[in-house]
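Coordinates in review
The lines below spell out each chain.
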Amino acid sequence: MSNETICKHLNTALQMEMTAAHQYQLHAHVLDDWGLDKLAETMRGEFQEELCHSSRFMTRILELGGEPEISFAATPKTAKTLKEMFESDLKDEKEAIVFYTQASKAAYEADDLATKALFEEIAIDEVGHRGWLELQLSLIERIGEQRYASKFVSGGSEEEA
């Protein structure tokens, strides 16, 4: 397997992370619009983490003499409900875990241990995201979306009232 193939996997990952980052950025703005400022802040944290992932993939591509292809794997979409938001994100996280696991195996077979480790580290992060999303969906199912959402609204300041 050549650096070209490894760079192709890395560029696919880069595009997936760019999509994820901007999906979380969109979520943050939508959640702010819905008045769920605490959950919006969580999404901003996810946005930053996904940007960090994309940066790591770019760095590795350049180290291998490749050229980063900056684009989205898919167009970020606005969710209509929290459940829809989390289900969509969960689907994306599951796909990322499968892809990163396969890409890690390919890097190992190419004797590229640095890229293998990178894919594994980010896959582990995505497993954490998957667990968090599964928990949120479970909470929504058990207590209902309105009650769940009420936990993510700050009291606001007296000046706002």
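Residues numbered from 1 in each chain as written. Predicted model: local features only at pLDDT ≥ 70, side-chain atom pairs only at ≥ 80, totals over all residues. Heavy atoms only, no water.

Using the following cut-off: UniProt positions are given in the numbering used here, feature names are shortened, and annotations may be inferred rather than shown by experiment.
You'll find the protein entered in an unreviewed UniProt entry as Bacterioferritin, with Aliiroseovarius zhejiangensis given as the organism. Per UniProt, the comment on the protein under Catalytic activity (unreviewed entry) is "4 Fe(2+) + O2 + 4 H(+) = 4 Fe(3+) + 2 H2O". The UniProt entry for the protein carries this comment under Cofactor (unreviewed entry): "heme b".

**Some details on the overall build of the protein**
For clarity, the cut-off: Helix and strand assignments come from DSSP, with helices taken as H or I runs of at least 4 residues and strands as E runs of at least 2, each series counted from the N terminus. Contact definition: two residues touch when any of their heavy atoms are within 4.5 Å. Charge assignment: positive for Lys and Arg, negative for Asp and Glu; neither His nor the chain ends contribute. Working definition for charges: the position is that of NZ of Lys, CZ of Arg, CG of Asp or CD of Glu.
Helices and strands together make up the secondary structure of the protein, namely five helices and zero strands. Walking the protein from its N terminus toward its C terminus, one meets helices and strands in the order α-α-α-α-α. Structurally, the protein occupies a C-alpha span of about 60 × 30 × 20 Å along its principal axes. Sequence-distant contacts in the protein: of pairs separated by 6 or more residues, those separated by 24 or more amount to 82%. If the 16 positive side-chain charges of the protein are averaged to one point and the 31 negative ones to another, these points end up 6 Å apart.

**Overview of the layout of surface pockets**
Which parts of space are left empty comes out when a probe the size of a water molecule is rolled across the atoms. Worth spelling out the cut-off: Both cavities and pockets are sets of points on a 1 Å grid over the protein atoms alone; in a cavity a 1.4 Å probe fits but cannot get out, in a pocket the set is open with protein on both sides within 12 Å along at least five of seven lines, and lining residues sit with an atom within 4 Å of a point. Grid points are joined across faces, edges and corners, and a volume is the space filled by probe spheres set on the points. Only Asp, Glu, Lys and Arg are considered charged, only Ala, Val, Leu, Ile, Met, Phe, Trp, Tyr, Cys and Pro nonpolar, and every remaining residue, Gly among them, polar.
The space that makes up the largest pocket amounts to roughly 330 Å³. If you trace the largest pocket, you find 19 residues lining it, with Met16, Thr19, Ala20, Asp92 and Glu95 closest to the centre. Mapped by element, the contributors of at least two residues to the lining of the largest pocket are α1 (3-33) and α3 (82-109). The residue makeup of the lining of the largest pocket, split by class, is seven nonpolar, four polar and eight charged.

**Considerations on α1**
Spacing of three or four residues puts side chains on the same side of an α-helix, whose turn is 3.6 residues. Here is the rule we go by: Given the number of residues in a helix, its expected span is that number minus one, multiplied by 1.5 Å.
For α1, built from 31 residues, the straight-helix expectation of 45 Å at 1.5 Å per residue is met to within 8% by its first-to-last C-alpha distance of 44 Å. Following α1 by one or two positions, Gly35 adopts a phi angle in the positive range, close to 85°.

**Observations concerning the state of the cysteines**
What we call a disulfide is simply a covalent bond connecting the sulfur atoms of a pair of cysteines. Under the convention used in this document: Note that a disulfide, as used here, is simply two cysteine sulfur atoms within 2.5 Å. Any residue under 20% of the maximum accessible area for its type is buried, any over 50% is exposed, and the rest in between are partly exposed; the area is computed with a 1.4 Å probe on protein chains only.
Counted by the stated rule, this structure contains zero disulfides. As a non-bridged cysteine, Cys7 has Cys52 as the owner of its nearest cysteine sulfur, 19 Å distant. Look at Cys7 and you get buried, because its relative accessible area is 8%. Using a relative accessible area of 42% as the deciding quantity, one classes Cys52 as partly exposed.

**Topic: the packing of aromatic side chains**
Formally: Only rings of Phe, Tyr and Trp enter the pairing, Trp through its six-membered ring, and a pair is recorded when the two centres are within 6.5 Å. The plane angle decides the type: under 30 degrees is stacked, over 60 is edge-to-face, the rest tilted.
Tallied over the entire structure, the rule returns eight aromatic pairs. A centroid spacing of 6.4 Å and a plane angle of 85° characterise the contact between Phe99 and Phe119, whose relative ring orientation is edge-to-face. Of this pair, Phe99 sits in helix α3 while Phe119 is found in helix α4 (residues 113-143), placing the two residues 20 residues apart along the sequence. With respect to class, Phe99 is no different from Phe119; both count as buried. Grouping aromatic residues by their ring pairs yields a cluster made of Phe57, Phe99, Tyr100 and Phe119.

**Comments concerning the side chain of Glu46**
Just so we agree on the cut-off: Only one rule defines a salt bridge in this text: a Lys or Arg side-chain nitrogen within 4 Å of an Asp or Glu carboxyl oxygen.
Take Glu46: it is sitting in helix α2 (residues 37-63). Arg44 provides the closest opposite charge to the buried, salt-bridge-free Glu46, at an N-O distance of 13 Å. Residues in contact with Glu46, not counting those within four places in the same chain, are Tyr24 and His129.

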